[in-house]
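Report on the structure
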Amino acid sequence: MSKRANLPQCPLRYGEPCTLCQAFVTGPEDCQTVALVMSDPELKAEWARGRAEWMKEHRKART
Ligand code: SF4
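**Digging into the site of the ligand**
By nearness alone, every residue bordering the ligand is listed as Cys10, Pro11, Arg13, Cys18, Thr19, Leu20, Cys21, Gln22, Val25, Pro28, Cys31 and Val34. Class assignment of the residues belonging to the shell around the ligand gives a composition of 9 nonpolar, 2 polar and 1 charged.

Structure (structure tokens):
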């Protein structure tokens, strides 16, 4: 298993590991930026739209 596979994924940066880019976080589970996006209906809808688009492109690239 690669080292990258063990890293928690950033929910906001599709396909990228959490880089602890926010101050005082230990991972996505206590990231206030993630919490903010997921608690706001409009931001969450935009996140979901972007993620669906990324998944579609990601699948296309793998085939
Ligand atoms: S700290 Fe938060 S925004 Fe930054 S990479 Fe990790 S989960 Fe994503």
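**Thoughts on the pattern of salt bridges**
The tally for this structure, following the rule as stated, stands at 3 salt bridges. A salt bridge links Arg49 to Glu53; the nearest nitrogen and oxygen atoms lie 3.0 Å apart. In this pair, Arg49 and Glu53 are both assigned in helix α2 (residues 41–62), 4 residues apart and thus about one turn of the helix distant. Accessibility expressed as a relative area gives 48% for Glu53, which makes it partly exposed. Among the ionic pairs, Lys60 bridges to Glu57, the shortest N-O distance being 3.4 Å. Here Lys60 and its partner Glu57 are both found in helix α2, 3 residues apart, which amounts to about one turn of the helix. A network of salt bridges, in which partner residues are shared, links Glu46, Arg49 and Glu53.

Cut-offs and rules
- Residues numbered from 1 in each chain as written.
- Predicted model: local features only at pLDDT ≥ 70, side-chain atom pairs only at ≥ 80, totals over all residues.
- Heavy atoms only, no water.
- Near = heavy atom within 4 Å.
- Nonpolar A, V, L, I, M, F, W, Y, C, P; charged D, E, K, R; others polar.
- Salt bridge = Lys/Arg side-chain N within 4 Å of Asp/Glu carboxyl O.
- Helix = DSSP H or I, 4+ residues; strand = E, 2+ residues; numbered from the N terminus.
- Buried < 20%, exposed > 50% of the residue type's maximum accessible area, 1.4 Å probe, protein only.

Note that all results are geometric; they support no functional claim without further evidence.
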